[in-house]
Structure formats: structure tokens, C-alpha cells
Amino acid sequence: MHRLKIISGHLSTSGSSGCTRDLGATECGSAGSSSPEDVVVVHGRRTAIGKAKRGAFKDTTPDELLSAVMTAVLADVGLSPDKLGDVCVGNVLQPGAGALMARVAHFLSGFPETVPTYTVNRLCSSGLQAVFNIAGAIRSRSIDLGLACGVESMSLRETGVPGDLSSRLMDVDKARDCIIPMGITSENVAERFGVSREKQDAFALSSQQKAARAQSARLFQQEIVPVTTRCVDDQGNERVAAVSEDDGIRAGTTLAGLSKLRPAFKPGGSTTAGNSSQVSDGAAAVLIGRRSAVEVLGLPVMGVLRASAVVGVPPDVMGIGPAFAIPAALKQAGLTVADIDVFEINEAFASQAVYCVEKLGIPLEKVNPNGGAIALGHPLGCTGARQVVTLLNELRRRGRRAYGVVSMCIGTGMGAAAVFEYPGP
């Protein structure tokens, strides 16, 4: 059993092994206050999310997806790219975390060579880590404005290639656990914490239903940048189309249908294709700045980053990460679960999402009100940035000051979380 405790003034997690992990998170500003030094979100956009290998973006390179959102975010607010101090891109599967790809996207977007670009890979939280990195540069006064992005093509790059590792990893339990397939970590969470197949399927159904309602109400159109791209079918016929809708949402999903699906990762298991996130393609970009600089440029304030945290958890149950990252971020912000209006928790697997929600006592109606990765998909490097865009648009629709959390589990045993405030109209 895992629990939270305070060690030397820092919130830490303690596991059954008795070890502790200092969360070491950084203050981002007090909730409800307003300071010229606040790190604020100006605007964000995303592409639609395509099903990997067979969806709308299966033949689209990640630099094109990334360029579409980078261009759109700045065009929407009328900002010249030479005003940016830095661009950080989250990516998981491209070589070198996509450093070359990101710079190519930079030039495809018409950005000047004087603006620097780099990439970051913190696995499933890479898009959110890009937000943290740009925010950190603003807090350190290295830059005034920056673009935090995330992109992934899971059609063109395979997961499951660990790279060059020492054979000694088999001699160290935690190191060996880092290469456990993600589906097995989901099974571990379900078994260890008693998350039933019925609960997982019910959560998956809810995700599909909420996403279908949001798509039908055209809520996602505020976030999505239409991307004109080429797609080749099985017969070799080429089609050019503007893609503006997520293609993983299954509006006709039923509980009966989900219950018939076979376990995907182990005989007798409870994790299926229906209650797991979809492998996907997509990109998102978020424009972030210091409040004082944003005001001078006459740019809007869509949200304020109030806290951020990254924690470590056991690799074999990596999905529990949000259950520890969220309390750490809330503590920084001086808020509680009850103060938060919307939680965007990445649905890597229903098992881990259900565990985290129940562990923290989060009302289900506050969780992913427009669906999550089970319905929308999980383009690894993109997801964290996409969640920020989705969250702030949802808070804005509520028309009042509101708070939201973005969180996800991270492969190899981590969790990340951020608290945002929508300041009101």
C-alpha cells in the first residue's frame, strides 16, 4: 500500500519497501492571486487525433502535424514568431526525441532561425513537460514568451524498442520493472488494488459517451486546427482531405460490447482494447508567457499555471502516478480536490484511471468531462499539451473563475500534474 507523508518539509510518497521519494516541485504562484510574474497561458490549439496505422494521419509526418498547430496558435493571436524566446517540443518515438523533426517543423511554420528550438522526452508526460520547461524559463527570466508543444506519429514509429541497455538491468528489480509492457502494468494495478473488469468497462463506456457528446456539440472545434493531408487507402488510392474531427471516438459503444472483448495482455486479465487508450497520431501547441509581457503585447490570458509536480512511483504499477502527483501539485497551489472544477487525467488504462480517481476521492463528474484517451486516443508526446488545451477551453465555457488539473501516469514509474486557474471572463 502506498501513502503520502511529509519528509523535511517536502511531500513524499512511501511504498511498501519503506523508501521515500522527494517530489521536489516548484512554486508557480498562489491560487486566486494576480502578479506581473505569473506564468500564463495565452492560447492553445491541437490537431484532431487520428487512429494510428489506419486513421486520418497515418501517412502524415509529425513535422507537418506540429507545424499546423505552431502556425495556428500564433496566427490566432496575431503574434509574430520572432517574439518567442524559445520553443520546446515533447516527443517520445522520433530519434533523439525528434530534435531534427522539431526544427524542421519550426522552419515549415515560417519561424525565423533566431528563435531556438529543443525537444524533451518524459514519455507520456512529454507534452506537459514542455509546458513545465517553458514555464521554468519564464520564471528564471530567461525568456518572456515561449511555445510548448507536443507531437507524436504512432503510425510511423513503433513503440516497444528499448534501445541500448545493460544486461545488468535484469539483476536490479526496479530496473527490470522499467521494461515491463505497459499493458502488464495495467494488469498489476487492477490486481493489486482490486479494480474490477466491470469498473474498467464502465469507465471506458463513460469516456466514449462523453467524447461522443462533446463531438456532437462541436465543443472540440474551438481546439482543433483543420489539417489538409494526404491519405492512401489499402488499394493505393490517394485522397486529400481537411481533417478536423477526432476519428477514434466510437459513439455506438455499449457495455455489452465492451464486456465481450478478450483480455489484450494476459490470459484471464481484465485490460482489453476497449478499456485502454488508443494508439494515435496528433499534435498540440500552447503559447505561454509572463503576465507582464503578455499585457504589454495586448495578448489574452486564457489561464494561469499555479503549480506543477512530477513524482516517482514503482515502475511495475506506473499507472498510479496521478494519485501522488495530483496531491503534490494541489498542496503547492493551496487547494484541495474539492476546489478543482475539472480533472483532465490521462486514461492510459481504465484500471489506473479508476484507481487514481477512487484513491483521491474525485467525483466522477469532474473527470474528463469531454472524454479522455480511451475515446480520443493517446499520441504519446502530444497528450500533455492536448490536455492543457482541452482543459482551458472547458474551464472557459463555464464562464467564471475555475480551477483545473492536468495529470498523467508515466512509463517507467512516474506521475505528473499541473494546476491551472481560469481567471474568468
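An account of the accompanying structure is given in this report. (Residues numbered from 1 in each chain as written. Predicted model: local features only at pLDDT ≥ 70, side-chain atom pairs only at ≥ 80, totals over all residues. Heavy atoms only, no water.)

**Overview of the overall build of the protein**
For the protein, the count of helices and strands is twelve helices and 16 strands. Projected onto the principal axes, the alpha-carbon positions of the protein cover approximately 65 × 55 × 45 Å. Per-residue burial for the protein yields a buried fraction of 60% across its 425 residues. Across the protein, every contact between residues at least 6 apart in sequence was considered, and the portion connecting residues at least 24 apart equals 78%. (Helix = DSSP H or I, 4+ residues; strand = E, 2+ residues; numbered from the N terminus. Buried < 20%, exposed > 50% of the residue type's maximum accessible area, 1.4 Å probe, protein only. Contact = heavy atoms within 4.5 Å.)

**A closer look at the layout of surface pockets**
Its volume calculated, the largest pocket comes out at about 1300 Å³. If you go around the largest pocket, you meet 41 residues; those closest to its centre are Leu93, Thr159, Gly160, Met182 and Leu380. When grouped by side-chain class, the residues that make up the lining of the largest pocket number 25 nonpolar, twelve polar and four charged. (1 Å grid on protein atoms, 1.4 Å probe; cavity = no way out; pocket = protein on both sides within 12 Å on 5 of 7 lines; lining within 4 Å. Points joined across faces, edges and corners; volume = space filled by probe spheres on them. Nonpolar A, V, L, I, M, F, W, Y, C, P; charged D, E, K, R; others polar.)

**Here we look at the nonpolar core**
In terms of nonpolar packing, the biggest core is built from 45 residues, with Leu66, Leu84, Val87, Leu147 and Leu287 touching the most fellow members. Those elements giving two or more residues to this core turn out to be strand E5 (39–46), helix H1 (62–77), strand E7 (86–90), helix H2 (99–108), strand E9 (145–153), helix H6 (197–216), strand E12 (280–290) and helix H11 (373–376). Not counting residues within four places of it along the chain, the set of residues in contact with leucine 66 comprises Val89, Met101, Ala102, Ala105, Cys149, Val151 and Ala283. Residues Phe324, Ile326, Ala333 and Val419 belong to the second largest nonpolar core, which totals 41 residues. (Core = buried A, V, L, I, M, F, W, Y, C linked by side-chain atoms within 4.5 Å.)

**Here's the deal with the packing of aromatic side chains**
Scanning all chains against the criterion turns up two aromatic pairs. Judged by centre distance (4.3 Å) and plane angle (35°), the ring pair of phenylalanine 193 and tyrosine 355 falls under tilted. One end of the pair, phenylalanine 193, is in helix H5 (residues 182–193); the other, tyrosine 355, is in helix H10 (residues 350–360), with 162 residues separating them in the sequence. Of the residues examined, phenylalanine 193 reaches a relative accessible area of 18% and is grouped as buried. What makes tyrosine 355 buried here is its relative accessible area of 7%. Note on phenylalanine 265 and phenylalanine 349: the rings are 6.2 Å apart at their centroids and 85° apart in plane angle, and the pair reads as edge-to-face. With phenylalanine 265 in the loop between helix H7 (255–259) and E12 and phenylalanine 349 in the loop between strand E14 (342–345) and H10, this pair connects stretches of sequence that are 84 residues apart. (Phe/Tyr/Trp six-rings, centres within 6.5 Å; stacked < 30°, edge-to-face > 60°.)

**Looking at the environment of glutamate 198**
Note that glutamate 198 resides in helix H6. Taking the C-alpha atoms as reference points, glutamate 198 and serine 259, separated by 61 residues in sequence, lie 7.8 Å from one another.

**Looking at helix H9 (residues 321–333)**
Compared with an ideal rise of 1.5 Å per residue, which puts 13 residues at 18 Å, H9 spans 19 Å between its outermost C-alpha atoms and is within 8% of the ideal. Within H9, twelve of the 13 residues are buried, leaving the element largely enclosed by the surrounding structure. Listing the buried residues of H9 in full gives Gly321, Pro322, Ala323, Phe324, Ala325, Ile326, Pro327, Ala328, Ala329, Leu330, Gln332 and Ala333. With its phi angle positive at about 70°, glycine 334 sits one or two positions after the end of H9. (Expected span 1.5 Å × (residues − 1).)

**Regarding H6**
End to end, H6 covers 28 Å across 20 residues, agreeing with the expected 28 Å (1.5 Å per residue, within 8%). Just downstream of H6, arginine 218 is the residue with a positive phi angle, here 60°.

**Here's the deal with the pairing of strand E16 (residues 414–422)**
With nine of nine residues buried, E16 lies mostly within the body of the structure. Residues Met414, Ala416, Ala418, Phe420 and Tyr422 point to one face of E16 and Gly415, Ala417, Val419 and Glu421 to the other, with burial holding for every one of them. Bridge count between strand E13 (residues 303–312) and E16: eight bridges; the pairing is antiparallel. Opposite leucine 305, over in E16, you have phenylalanine 420 as the bridge partner. (Pairing = 2+ DSSP bridges.)

**Quick word on the pairing of E7**
With five of its five residues buried, E7 lies for the most part within the structure. Covered by surrounding structure in E7 are Asp86, Cys88 and Gly90 together with Val87 and Val89, the residues of both alternating faces. As judged from the five bridges shared by E7 and E9, these two strands associate in the parallel manner. The residue of E9 that forms the bridge with cysteine 88 is alanine 148. By the bridge criterion, four bridges tie E7 to strand E8 (residues 117–120) in an arrangement that is parallel. Bridged to valine 89 within E8 is threonine 119.

**Focus on the packing of helix H3 (residues 126–139) against helix H12 (residues 383–397)**
Where H3 meets H12, the closest approach of the two axes is 4 Å, and the angle between their N-to-C directions is 70°. Classified by the interaxial angle, the pair formed by H3 and H12 is roughly perpendicular. On H12, the residues that touch Gly127, Leu128 and Val131 of H3 are Gly384, Ala385 and Val388. Considered class by class, the residues forming the contact of H3 with H12 number four nonpolar, two polar and no charged. (Axes fitted to C-alpha atoms, helices over the stretch in contact; angles between N-to-C directions. Parallel < 35°, antiparallel > 145°, perpendicular 65-115°, else oblique.)

**Here we look at the side chain of asparagine 393**
If you trace the backbone, asparagine 393 turns up in helix H12. Engagement of the side chain of asparagine 393 in a polar contact is seen with the side chain of arginine 396, the distance being 2.8 Å. Excluding residues within four positions of it along the chain, asparagine 393 makes contact with Gln222, Glu223 and Met302. (Polar contact = N/O pair within 3.5 Å; in protein donor to acceptor, adjacent residues only side chain to side chain.)

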